[in-house]
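# Structure assessment
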Amino acid sequence: MKKVNISKVILYGIYLVLAANLEIFKVFGEGFFLGNINRYVILSVLFSIFVIAIVLAYKKKIPLFIWLLIFPIVVRMSIAVYYVNVRGFERYNALQYCMCYYCIMLAVPIYYLLRYQVITLRKLMDVSIKLLFVSFFLKSFVSIFNFMTGKIIFPAFIWNDTWYRYGFLRLQPPALANISIVMGMFMYYTEEKKSKRLQYLLCVLVTLLYSAIIHASRFTLLWQLAVLIYMVMIKRNSPFKRICLVTLIIVVICYFVSTGTIGEFLDTFNTTNKTYGGSTFVRFTAIGYYMQRFFEDPFMGTGILGYAYSLEHNIMSGGMLVGDLTDIGYLYSVVQFGIIMIIMGVLMIFRILQVGFKARKMKQDSYCILLWGIAACLVLGNISIDMYMLYAISVPLVIAVTEYVNYELLTMKRETVLNYTEPREEKA
């Protein structure tokens, strides 16, 4: 009888968790394999606890920074669940609500797999991109099919069947879409085969097209384009590409300015715009209202405010929605759980940038581009969508990758010191 390889069990568990959080199983219906996305996150958390127990039992070393980022979040969420005070909200409901934050514990099993060479970083990225492609395809197919026929297929994917823009049914992006451009560009820069490099560029293109057409989010498309330009610009030893990119940007800007298209696009952010002004107005109203609530107790925050469409979660006036908690980006977490979320967010970004600078100093440009790109995605993406709310699975992945890169850099530095020999002085 063969001995069970626990590392392989963890690896395939991670694949399962990634696929579940990317909602791939929803193609089989809401009830298939736990169904609701909240239950997918519960699966992730239970799996994390299982692996953490194994890691501790085998006395495997996990970096201090991972524990520093995990422990305060887990403690704060547990306090929020215990003291839940939303009308009609039981602790079980509160626990489900906070599961997207508990998902941060997945950083331990992901780091374990990378650190002990169960899977390479590039392989993990490759699998993540392939699963992301499947999710993009399924969601795009649902929306395009509805656009062409007026019928709804695979209803489990649909959050709101009245949410349309440009005639397309809008669907939320997959759970790794906030860092998909960075993953695609990292793999493009580190891949030698031309055919595969084109596949990773396709990942970038699909992400942008999805944001523009299916998700139809103006700000998301803008920051993703900004990150793409940023990643190309910081690439070392490619002055020709930089010149070409800058030239292309100038030509495109000049064209849009001359045709007036930029003015029309910017006007969509104006609250008086008939088509798009409503969403901008709702966002500004929500920020003003919920920040006022936050400053009543900035240390602990408001506590859990309930699910969407609850009295605390929305601002209603005259029977109309004039503000929504989900529209205020990372403030979604800050308002509910207090200043600790600001501290943890800043700490995460600081750590990513710190390791990125270390990689730059050691001339490990691919690692530098990866980490600085991730930092840019988190900073810009959290302005409109809270990473814990929609992209929960990306948080532990980012933490684990950052610490693994730091481990690799320390190993390189150690090997350099060991291989260094002092030159012998010649005798006179």
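Residue indices follow the written sequence of each chain, beginning from 1 at its first position. With the structure being a predicted model, the display of local features is reserved for residues of pLDDT at least 70 and the display and counting of side-chain atom pairs for 80 or more, all residues being used for whole-chain, interface and lining totals. Values reported for side chains reflect all heavy atoms of the structure, with hydrogen atoms and water molecules removed beforehand.

## What about a nonpolar patch on the surface?
Note on patches: the residues involved have over 30% relative accessible area and no salt bridge, like charges join within 9 Å, and the nonpolar side chains Val, Leu, Ile, Met, Phe, Trp and Tyr join within 5 Å. All accessible areas in this document rest on Shrake-Rupley with a 1.4 Å probe, and a residue is counted as covered only by the protein chains that are shown. The term salt bridge refers to a side-chain nitrogen of Lys or Arg lying within 4 Å of a carboxyl oxygen of Asp or Glu. Judged by side-chain polarity, Phe-71, Val-75, Ile-79, Tyr-82 and Tyr-83 come together as a nonpolar surface patch covering roughly 540 Å² of accessible area. Only DSSP runs of H or I covering at least 4 residues are called helices, and only runs of E covering at least 2 are called strands; the numbering of each starts at the N terminus. Structurally, the position occupied by Tyr-83 is in the loop between helix H3 (64-82) and helix H4 (91-102).

## A look at the pattern of salt bridges
Under the criterion given, the structure shown has six salt bridges. Ionic pairing is found between Arg-122 and Glu-191, a salt bridge with its closest N-O pair at 2.9 Å. With a gap of 69 residues between them, Arg-122 in helix H6 (residues 121-149) and Glu-191 in the loop between helix H7 (180-190) and helix H8 (194-214) connect regions that are remote in the sequence. A relative accessible area of 28% places Arg-122 in the partly exposed class. Glu-191 gets classed as buried once you look at its relative accessible area, which sits at 13%. Across the salt bridge formed by Asp-126 and Lys-130, the nearest N and O atoms sit 3.1 Å from each other. Here's how the labels work: a residue is buried when its accessible area is under 20% of the maximum for its type, exposed when over 50%, partly exposed in between, all with a 1.4 Å probe on protein chains only.

## Observations concerning helix H9 (residues 218-233)
In an α-helix, one full turn covers 3.6 residues, which means residues spaced three or four apart are oriented alike. Here, expected helix span is obtained from the residue count minus one, scaled by 1.5 Å. For H9, spanning 16 residues, the distance from its first C-alpha to its last is 23 Å, which sits close to the expected 22 Å at 1.5 Å a residue. Taken residue by residue, H9 has Arg-218, Thr-220, Trp-223, Gln-224, Val-227, Leu-228, Met-231 and Val-232 as its buried positions.

## A closer look at the environment of Gly-184
By secondary structure assignment, the location of Gly-184 is in helix H7. Judged by its relative accessible area of 0%, Gly-184 falls in the buried class. For the pair Gly-184 and Leu-205, spaced 21 residues apart in sequence, the C-alpha separation works out to 9.4 Å. Here Gly-184 is in contact with Ile-129, Tyr-200 and Val-204, once residues within four sequence places are set aside. Contacts: residue pairs with any heavy atoms within 4.5 Å of one another.

## Some points on the environment of Pro-173
Along the chain, Pro-173 turns up in the loop between strand E2 (168-169) and H7. Remark: the alpha-carbon pair of Pro-173 and Leu-132, spanning 41 residues in sequence, is separated by 9.9 Å. Non-local contacts of Pro-173, meaning those with residues more than four positions away in its chain, are made with Lys-139, Tyr-210, His-215, Leu-390 and Tyr-391.

## Quick look at the nonpolar core
What is meant by a nonpolar core is a set of buried Ala, Val, Leu, Ile, Met, Phe, Trp, Tyr and Cys residues, joined one to another through side-chain atoms within 4.5 Å. Formed by 132 residues in total, the largest nonpolar core has its most connected members in Leu-121 and Tyr-388. Looking at this core, the element that brings in the most residues is helix H15 (residues 365-381), giving 11 residues. Discounting residues that sit within four places of it in the chain, Tyr-388 has contacts with Ile-73, Cys-100, Tyr-101, Ile-104, Tyr-330, Ser-333, Met-341, Met-348 and Val-395.

## So, H3
The end-to-end C-alpha distance of H3, which contains 19 residues, comes to 27 Å, matching closely the 27 Å that a straight helix rising 1.5 Å per residue would cover. What H3 keeps buried is the set Phe-65, Ile-66, Leu-69, Ile-70, Ile-73, Val-74, Arg-76, Met-77, Ala-80 and Val-81. Summarising the axial view, the buried residues of H3 lie within an arc of 165°, below the 170-degree limit, and thus occupy one face. Residues of H3 that are exposed and angled more than 90 degrees away from the buried face: Leu-64 and Phe-71. Against H4, helix H5 (107-115), helix H13 (331-337), helix H14 (339-361), helix H16 (387-390) and helix H17 (394-419) lie the buried residues of H3. Each C-beta atom gives one direction from the helix axis, and the arc is the one those directions make.

## Remarks on the packing of aromatic side chains
Stacked, edge-to-face and tilted are the three classes for Phe, Tyr and Trp ring pairs, Trp counted by its six-membered ring, which pair at centre distances within 6.5 Å; planes under 30 degrees apart are stacked, over 60 edge-to-face, the rest tilted. Taken as a whole, this structure holds 16 aromatic pairs when the rule is applied. Here the aromatic rings of Tyr-12 and Tyr-15 are separated by 5.9 Å at their centres, their planes lie at 75°, and the arrangement is edge-to-face. Remark: Tyr-15 and Tyr-12 occur in helix H1 (residues 6-21); sequence separation between them is three residues, near one turn of the helix. Taken together, the ring pairs connect Tyr-101, Tyr-330, Phe-337 and Tyr-388 into an aromatic cluster. Looking at Arg-197, its charged tip hangs above the ring of Tyr-188, at a distance of 4.2 Å from the centre. Criterion for a charge above a ring: Lys NZ or Arg CZ within 6 Å of the ring centre, and within 35 degrees of the ring normal.

## Details of the environment of Gln-199
The residue Gln-199 is located in helix H8 in this model. In sequence terms Gln-199 and Gly-184 are 15 residues apart; their C-alpha atoms lie 8.5 Å from each other.

## Focus: unusual backbone geometry
If you check the backbone angles, Tyr-166 has positive phi at about 60° while not being a glycine. Within the secondary structure, Tyr-166 is located in the loop between strand E1 (164-165) and E2. Overall, the relative accessible area of 44% leaves Tyr-166 in the partly exposed class. Positive phi outside glycine occurs at Ala-216, with the angle close to 50°. Along the chain, the position of Ala-216 falls in the loop between H8 and H9.

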